[in-house]
Amino acid sequence: MPPMVMCFHTGMRHSAVYIGHVAVALIDISPLVDKIDDPNMANANDLLQVVRMLDEACREAGFFYVKGHGISESLMREVRDAAHKFFQLPHGEKMKIKMASQSGYRGYQPVGENITMGKRDMHESVDFYFPVQPGQYGDLGRILEGSNLWPEYPSNFKVLLESHISLLKDLSRKIMRGIALALGGPIDAFEGAVAGNPFWAFRLVSYPALADIPEDLRTDTGLRLLTLVNQDDDIYGLEEEASFIAAGTLNPGPQHTWWVQNHYGQWIHAKPIPGTFLCNIGDMLKVWSNGIYQPAVHRVINSSPRSRASAIFFYEPNFDTAIVPVDVCKEKTGGAAKYKKMVYGEHLVQKLLITFPGINHS
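Residues numbered from 1 in each chain as written. Predicted model: local features only at pLDDT ≥ 70, side-chain atom pairs only at ≥ 80, totals over all residues. Heavy atoms only, no water.

(A) Representation of the overall build of the protein within the structure. Scanning the protein from N- to C-terminus turns up 10 helices and 16 strands. Out of the 362 residues in the protein, the part that is buried amounts to 56%. By element, 53% of the accessible surface of the protein is carried by carbon and sulfur atoms, the whole surface being about 15300 Å². (Helix = DSSP H or I, 4+ residues; strand = E, 2+ residues; numbered from the N terminus. Buried < 20%, exposed > 50% of the residue type's maximum accessible area, 1.4 Å probe, protein only. Areas by Shrake-Rupley, 256 points an atom, 1.4 Å probe, with all protein chains shown as cover.)

(B) Spotlight on unusual backbone geometry. Of the consecutive residues Tyr153 and Pro154, the connecting peptide bond is found in the cis state with omega at 0°. Of note, Pro154 is situated in the loop between β7 (124–129) and α5 (157–182). Phi is positive for Tyr105, which is not a glycine, with a value near 70°. Locating Tyr105 in the fold gives a position in the loop between α4 (91–94) and β4 (107–109).

(C) Region of the structure containing the nonpolar core. Core analysis: the biggest nonpolar cluster contains 102 residues, and Leu144, Ile179, Phe190, Phe202 and Leu204 have the highest contact counts within it. Apart from the residues within four sequence positions on either side, Phe190 is in contact with Met176, Ile179, Ala180, Ala195, Gly196, Leu225, Leu285 and Trp288. (Core = buried A, V, L, I, M, F, W, Y, C linked by side-chain atoms within 4.5 Å. Contact = heavy atoms within 4.5 Å.)

(D) Representation of the pattern of salt bridges. With the rule as written, the count across this model stands at 17 salt bridges. Two residues, Glu316 and Arg224, come together in a salt bridge whose shortest N-O distance is 3.7 Å. Of the two residues, Glu316 is situated in the loop between β14 (308–315) and β15 (322–323) and Arg224 in the loop between β8 (200–207) and β9 (226–231); the sequence distance between them amounts to 92 residues. Classification of Glu316 as buried rests on a relative accessible area of 1%. Three or more residues joined by partner-sharing salt bridges are found here, namely Asp37, Asp170, Arg173, Lys174, Arg177 and Glu191. (Salt bridge = Lys/Arg side-chain N within 4 Å of Asp/Glu carboxyl O.)

(E) Geometry of helix α10 (residues 344–355). Here α10 spans 16 Å end to end across 12 residues, near enough to the 16 Å set by a 1.5 Å rise per residue. Inspection of α10 places Tyr344, Gly345, Leu348, Val349, Leu352 and Thr355 among the buried residues, and these make up the whole buried set. Buried positions in α10, seen along its axis, are confined to an arc of 135° and lie on one side of it. (Expected span 1.5 Å × (residues − 1). Arc of directions from axis to C-beta.)

(F) Geometry of the side chain of His69. Position of His69 among the secondary structure elements: in the loop between β3 (63–67) and α3 (73–87). Within the local environment of His69, its side chain forms a polar contact with the backbone nitrogen of Ile71, the two atoms lying 3.1 Å apart. With sequence-adjacent residues up to four places away left out, His69 is seen in contact with Ile29, Val33, Met76, Leu171, Gly275, Thr276 and Phe277. (Polar contact = N/O pair within 3.5 Å; in protein donor to acceptor, adjacent residues only side chain to side chain.)

(G) How the structure looks around the pairing of β9. Most of β9 sits inside the fold, with 6 of its 6 residues counted as buried. Neither face of β9 is open: one carries Leu226, Leu228 and Asn230, the other Thr227, Val229 and Gln231, and all of them are buried. As judged from the 4 bridges shared by β9 and strand β12 (residues 277–281), these two strands associate in the antiparallel manner. Looking at β12, one finds that Leu228 is bridged to Cys279. One ladder, built from 6 bridges, connects β9 with β14; its direction is antiparallel. (Pairing = 2+ DSSP bridges.)

(H) The arrangement of the packing of aromatic side chains in detail. Scanning the model with the defined rule gives 15 aromatic pairs in all. Each ring, one from Phe128 and one from Trp150, has its centre 4.7 Å from the other, and the planes form 20°; the classification is stacked. Taken together, the residues span a long stretch of sequence, with Phe128 in strand β7 and Trp150 in the loop between β7 and α5 at a distance of 22 residues. Taken together, the ring pairs in this structure connect Phe86, Phe87, Tyr108, Phe128, Trp150, Phe157 and Phe202 into an aromatic cluster. (Phe/Tyr/Trp six-rings, centres within 6.5 Å; stacked < 30°, edge-to-face > 60°.)

(I) Quick peek at the state of the cysteines. Inspection of the entire model under this criterion finds 0 disulfides. Unpaired in terms of disulfides, Cys279 finds its nearest cysteine sulfur in Cys58, a separation of 8.9 Å. (Disulfide = S-S within 2.5 Å.)

(J) Geometry of the pairing of β7. The element β7 is largely enclosed, with a buried count of 6 among its 6 residues. Going residue by residue along β7, you find Glu124, Val126 and Phe128 tucked away on one face and Ser125, Asp127 and Tyr129 tucked away on the opposite face as well. In the sheet, β4 pairs with β7 via 3 bridges, with the strands oriented antiparallel. Of the residues in β7, the one forming a bridge with Tyr108 is Val126. Pairing analysis gives 6 bridges linking β7 to β8, with the strands arranged antiparallel.

(K) Structural view of the packing of α3 against α5. Where α3 contacts α5, the axes come no closer than 11 Å and their chain directions differ by 135°. Of the possible angle classes, the one that applies to α3 and α5 is oblique. When you trace α3 past α5, the crossing you get is left-handed. Contacts between α3 and α5 pair Leu75, Glu78, Val79, Ala82 and Phe86 from the former with Phe157, Leu160, Leu161, His164 and Leu167 from the latter. Within the contact of α3 with α5, the residues separate by chemical class into 8 nonpolar, 1 polar and 1 charged. (Axes fitted to C-alpha atoms, helices over the stretch in contact; angles between N-to-C directions. Parallel < 35°, antiparallel > 145°, perpendicular 65-115°, else oblique. Left-handed = near helix turned anticlockwise from the far one by under 90°. Nonpolar A, V, L, I, M, F, W, Y, C, P; charged D, E, K, R; others polar.)

(L) Highlighting the confidence of the model for the protein. Of the residues in the protein, 77% have a pLDDT of 70 or more, and the chain-wide mean is 82. Model confidence for the protein, summarised as mean pLDDT per element, is weakest for helix α7 (residues 238–246) at 39 and strongest for α5 at 97. The model gives residues 1–12 a pLDDT under 50, and that stretch makes 31 contacts with residues more than four places away or in other chains. Across residues 211–219, confidence stays below pLDDT 50; counting only partners more than four residues off in sequence or on other chains, it has 29 contacts. (pLDDT = per-residue confidence, 0-100.)

In structure tokens form, the structure reads like this:
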């Protein structure tokens, strides 16, 4: 049996969620959120405990849960509720904000239009991106020029999501400050020329019920530095669950959407935990850390009798940043760079062209 993921156990700041015999870190990051921007608190013991927990989780698994992040559970639920309301609209209404070349890959995609690993994903989604002005990133960024598209309903959709995205950007910046310290770098290593003006993406996804999503359909890592996933709670009342099972529409066992493969090859069901974000690190952090941190492969399955929604925030480097292994990480891994330079924007554009082949840029 492969070794299980090891986690820090340092008082009440950290706990572990056991999926079978495998422990997944659940980290209370409130000391980091409260103190990371205060230069006088950079060496606070409780903050440094969080830094050590982040380091352990990134080394051993590539994913972890966070609580104590400062974003209310009610707001997280409100965002998911808004997603459900949008996806329940008539098809014609949703198509009013259909993704097009003029919107720079922003907007709504019906089921099957998103391609992952050469296969169609059986979900529908809406993508929002960092707004890009004409000429801002030259020829490289031209296909991403544009502003986000907003539906007329729900009426609070734009205000709600823009406010939420602002909170997620600041939360991600603070987590990356902790990760910078965990790797032995300066606290602002992921600011300035690396991610001082971070590109970001926000995706709302609706997964159809039951067997509409084949299990082998979506396996992927990610380009970014950090991903925060706000997934539907999947908690049924006992009578409701019993009726689903009796009707043959719910099999006993995990029904949730997110599965992550740890570094030992085990597929772990990343069950929803109310009030938490599921965090994944990405390929840009792998390169920057010279492989000290490795992203986890993930896939999405929904075997429940209901459609499910996730709100996913992607925190990226600056669009035109060249990411290379940094000296402090090379010193810890034999002295030589294990990865070539990656310009984030080049890889994002390439990925978008593969993911959305139906977008016409002629």
